[in-house]
Number of protein chains: 2
Amino acid sequence: MITLDYADRRPIYEQVIERMKDLILLGVLATDEQLPSVRELAMDLSINPNTVQRAYAELERQGVIYCVKGRGNFVAGINALKDKQKEELKPQLLELVKKAKKADMTENEFTELVKQFYSQQ
Amino acid sequence: MITLDYADRRPIYEQVIERMKDLILLGVLATDEQLPSVRELAMDLSINPNTVQRAYAELERQGVIYCVKGRGNFVAGINALKDKQKEELKPQLLELVKKAKKADMTENEFTELVKQFYSQQ
DNA sequence: TTAACTGTATTAAGAGTGTTAGTACACTTG
DNA sequence: CAAGTGTACTAACACTCTTAATACAGTTAA
């Protein structure tokens, strides 16, 4: 279901968060569908249940999933997540634009890159 | 010359690297101009000389500055740095575009944000 | 030459974070 | 009741960031 990249310097729990969001955005995990249990996913990825728990807690804090004690974790809703991702994008893009300006990259150069990347596969 | 942000979670040496690049890109530090010495900057920022040294070593490794033992550190060249920053930008922008696609953000929406951010101050 | 400045290297220690391990408790389901 | 869920807690280890204290080598100006 999920693959970890140990070459990635980011913490495992962050990778789990990102992959789960991807699975939801791709529609692999539908709204209200149950996620693998903490212990099951930990076993599957050969990591500690605490690490999975940390990822799930953060996903719940972000409103991406909801938890029912004794039953499991469930997908909260794909549209809310999409809107959330779009909002997250903005400050990150602003930082990139600032960096581009500092390096004297024109808006046209920048937009050309966007066009190129958007048409990519 | 440089101000640190202790609310920023990133390591101090990374902040020093970024601020030095900014000073160079802004033209505050011209090509071949001497940077503050390791001990002087450390004193100025109230941090350890080792931390400054780490930042300077990384800046040299990236080709942003060059060091002469016994004399000091000097700015390598602003144009090379600008080109370097533009190249660094590309993979970061690609990741953002990927994220945007996943969230079903259209190229037009994205480009509109770019336009907005570019015209900002 | 000497003194004071440069960069550079080394070792040790402390703080913080990420991860694992083990255990325990409460809730739900069959 | 038993097995599965989420949740909480403590302890230990590894790694990184940072500081501290030296030490050494090169440069420069008095």
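So, how was this worked out
Residues numbered from 1 in each chain as written. Chains lettered and ligands numbered in written order. Predicted model: local features only at pLDDT ≥ 70, side-chain atom pairs only at ≥ 80, totals over all residues. Heavy atoms only, no water. Least-squares fit on C-alpha atoms with pLDDT ≥ 70 in both. Contact = heavy atoms within 4.5 Å. Near = heavy atom within 4 Å. Polar contact = N/O pair within 3.5 Å; in protein donor to acceptor, adjacent residues only side chain to side chain. Helix = DSSP H or I, 4+ residues; strand = E, 2+ residues; numbered from the N terminus. Nonpolar A, V, L, I, M, F, W, Y, C, P; charged D, E, K, R; others polar. Domains from an automatic or database assignment.

(A) Quick look at the relation of the copies chain B and chain A. Overlaying chain B on chain A yields an RMSD of 0.0 Å, the required transformation being a rotation through 180° with an accompanying axial translation of 0.0 Å. Here the transformation between the copies is reduced to the relation of a two-fold axis. No C-alpha of chain B lies nearer the rotation axis than that of B:Thr111, which sits 3.3 Å from it. Most of the interface of chain B is mirrored in chain A, where 100% of its interface residues are also at the interface.

(B) Looking closely at the protein's contact with DNA strand D. In the vicinity of DNA strand D lie 24 residues, with A:Asn73, B:Ile12, B:Asn50, B:Thr51 and B:Arg54 positioned nearest. Of what DNA strand D places within 4 Å of the protein, 62% of the atoms are sugar or phosphate. Between DNA strand D and the protein, one listed contact pairs a phosphate oxygen with a backbone N or O atom of B:Ile12 at 2.3 Å. Elements with a contribution of two residues or more to the surface near DNA strand D: α2 (38-45), α3 (49-61), β1 (65-68) and β2 (72-75) of chain A together with α1 (12-25) and α3 (49-61) of chain B. Looking at side-chain class alone, the surface near DNA strand D contains seven nonpolar, ten polar and seven charged residues.

(C) Seen up close, the domain arrangement of chain A. Here the domain parsing of chain A yields domain 1 (12-76) and domain 2 (86-120). For domain 1 of chain A and domain 2 of chain A, the distance between their C-alpha centres works out to 31 Å.

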